[in-house]
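# Remarks on the overall topology
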Amino acid sequence: MKTVKTAAEMRGIVREAKRDGKSIALVPTMGYFHEGHLSLIREARKKCDVLIVSIFVNPTQFDPSEDYERYPRDLNRDEVIAERGKVDFIFAPDVSEMYSSGYSTFVEVEGLSKVMCGKNRPAHFRGVTTVVAKLFNLIEPDTAYFGQKDAQQVVIIKKMVSDLNMGVEIHVCPTVREKDGLAMSSRNAYLNEEERKAATVLYRALLKAKDEIIRGDKLLKFIRKEITEMIESEKLARIDYITIVDPENLQEIAGIDKPVLIAIAVWIGKTRLIDNIIVNL
Ligand code: PAF
């Protein structure tokens, strides 16, 4: 396995692989690997000749008040894990390599980027789509892997790929959870012991909602109330949003007569966590 730091070197490697007729899979990440990343790496490894994992804490997807500076980073540890996962190349550029001085080109999926997480994180998805578009342009992967935990990100990236005629097949892998149900996230590292316990309320609330729907409750108002009450019963938790939408396009729905995405964002102390579940009757 090799760690590549520059776009020029990465392009050279990609050119050679393409010349040899090899298929390329990309797993874009911000590093600090956990089981969720590993599940993407494992899935990608099965279906490609060359597996590239990018590790880049992308400054443009953090709003100014957010945790860009303190976002956990550990390239050495990630390299060991990636090597074990049979990754061929890590692409770990510096910020100046991705955003040269005077950088001024952005990719934005309108509409979808302003709902749900986009309401309180106005620049977030523009940063995500910009960096993912740059990685797709540079690496020209045949396939790219993302986690269902970031449900809105997945819908937005698929829309970008379709709108911009990018020839990348997007694979979505299920959310990987801790034993107590908490969705794996690099941000879980911010939680203290008490907060870590409180954080299980996200998945418990989603499961409760799923149960209600399966038992026949189809009133969105009621489902939302159940989730709200459960989260509010946890004193360290503060709701950012609870939404029940169409998983394909994130449009609000009137009732539950086809698959629904229940997505939530909740502050646990100073840490904002997201989770979601798709209920398919
Ligand atoms: O999901 C993430 O870790 C990031 O948003 C991504 C897709 C790597 C872009 O920086």
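Up top is the structure.
Right, let's walk through the structure included here.

What counts as what
Throughout this document, residue positions are counted from 1 along each chain, in the order its sequence is written. Only residues with pLDDT of at least 70 are given local features in this predicted model, and only at 80 or more are side-chain atom pairs given and counted; all residues enter the totals for whole chains, interfaces and linings. Where side-chain values are given, they derive from all heavy atoms of the structure, hydrogens and water being excluded. Any carboxyl oxygen of Asp or Glu within 4 Å of a side-chain nitrogen of Lys or Arg constitutes a salt bridge here. Relative accessibility decides the category of a residue: with a 1.4 Å probe and only protein chains considered, values under 20% of the type maximum give buried, values over 50% give exposed, and everything between is partly exposed. Helix numbers and strand numbers start at the N terminus; a helix is a DSSP run of H or I with at least 4 residues, a strand a run of E with at least 2. We call two residues in contact whenever any of their non-hydrogen atoms come within 4.5 Å of each other. In this text, near means that some heavy atom of the residue lies within 4 Å of the molecule or strand in question. By the criterion applied in these results, polar contacts are pairs of N or O atoms within 3.5 Å in which, for protein atoms, one can donate a hydrogen and the other can accept it, and in which residues neighboring in sequence qualify only through two side-chain atoms. Values of accessible area rely on a 1.4 Å probe in the Shrake-Rupley scheme; residue burial ignores everything except the protein chains shown. Side-chain classes follow a simple rule in which Ala, Val, Leu, Ile, Met, Phe, Trp, Tyr, Cys and Pro form the nonpolar group, Asp, Glu, Lys and Arg form the charged group, and the remainder, Gly included, forms the polar group. In a helix, the anticipated span is given by 1.5 Å times the number of residues less one. Criterion used throughout: strands pair if DSSP finds at least two bridges between them. Crossovers are described as right-handed under a simple rule: with the strands pointing away from the observer, the path leading from the first strand over the helix to the second runs clockwise. Only the stretch in contact is used when a helix axis is fitted, and all axes are lines through C-alpha atoms; the angle between N-to-C directions ranges over 0 to 180 degrees.

## Here we look at the pattern of salt bridges
One pass over the full model with this rule turns up 21 salt bridges. For the salt bridge of Arg77 with Asp78, the shortest nitrogen-to-oxygen distance reads 3.6 Å. Note on Arg77: relative accessible area 34%, which makes it partly exposed. Judged by its relative accessible area of 1%, Asp78 is buried. In this structure, the salt-bridge partner of Asp275 is Arg177, at a minimum N-O distance of 2.8 Å. Remark: Arg177 occurs in the loop between strand 6 (169–173) and helix 8 (193–198) and Asp275 occurs in strand 9 (residues 271–279); sequence separation between them is 98 residues. Assessed through its relative accessible area of 3%, Asp275 is described here as buried.

## Brief notes about the environment of Ile227
Looking at where Ile227 falls in the secondary structure, it is placed in helix 10 (residues 220–232). A relative accessible area of 1% means that Ile227 is categorised as buried. Beyond its immediate chain neighbours, meaning those up to four positions away, Ile227 contacts Ala205, Ala209, Ile242, Ile262 and Ile264.

## As for the site of the ligand
Neighbouring the ligand are Pro28, Thr29, Met30, Asn58, Gln61, Val128, Val131, Phe146, Asp150 and Gln153. Within the side chain of Gln61, one N or O atom sits 2.6 Å away from an oxygen atom of the ligand. A distance of 2.7 Å separates an oxygen atom of the ligand from a polar side-chain atom of Gln153. Alone, the ligand offers 290 Å² of accessible surface; in the complex the protein occludes 88% of this. If you list the elements that add at least two residues to the shell around the ligand, you get strand 2 (24–29) and helix 6 (124–139). The residue inventory of the shell around the ligand, partitioned by class, reads 5 nonpolar, 4 polar and 1 charged.

## What about the side chain of Ser185?
Assignment of secondary structure puts Ser185 in the loop between strand 6 and helix 8. Residue classification places Ser185 among the buried positions, given a relative accessible area of 14%. Each residue touching Ser185, except ones within four places of it in the same chain, is listed here: His34 and Lys149.

## Points about helix 9 (residues 201–214)
For helix 9, spanning 14 residues, the distance from its first C-alpha to its last is 20 Å, which sits close to the expected 20 Å at 1.5 Å a residue. Along helix 9, the residues classified as buried are Val201, Leu202, Tyr203, Ala205, Leu206, Ala209, Glu212 and Ile213. Its buried side turned inward, helix 9 meets helix 8, helix 10, strand 7 (237–245), strand 8 (260–268) and strand 9.

## With respect to the pairing of strand 6
Sheet topology places strand 5 (residues 143–147) next to strand 6; 5 bridges connect them, and they run parallel. Bridge pairing in strand 6 places Tyr145 opposite His171. For the crossover from strand 5 across helix 7 (residues 151–163) to strand 6, the handedness is right-handed.

## Section: the sheet that holds strand 7
Reading across from one edge, 7-8-9 is the order of the 3 strands in this open sheet, with antiparallel pairing throughout. A strand with exactly one partner marks an edge of an open sheet, and here the two such strands are strand 7 and strand 9. Pairs of neighbouring strands in the sheet enclose a mean axial angle of 15°, with direction left out of account. In the sheet, strand 8 pairs with strand 9 via 9 bridges, with the strands oriented antiparallel. Note on strand 9: the bridge partner recorded for Val260 is Val279. Seen against the sheet, helix 9 touches strand 7, strand 8 and strand 9 and runs at an angle of roughly 20° to strand 9. Along the sheet, helix 10 contacts strand 7 and strand 8; its crossing angle with strand 7, the most-contacted strand, is approximately 160°.

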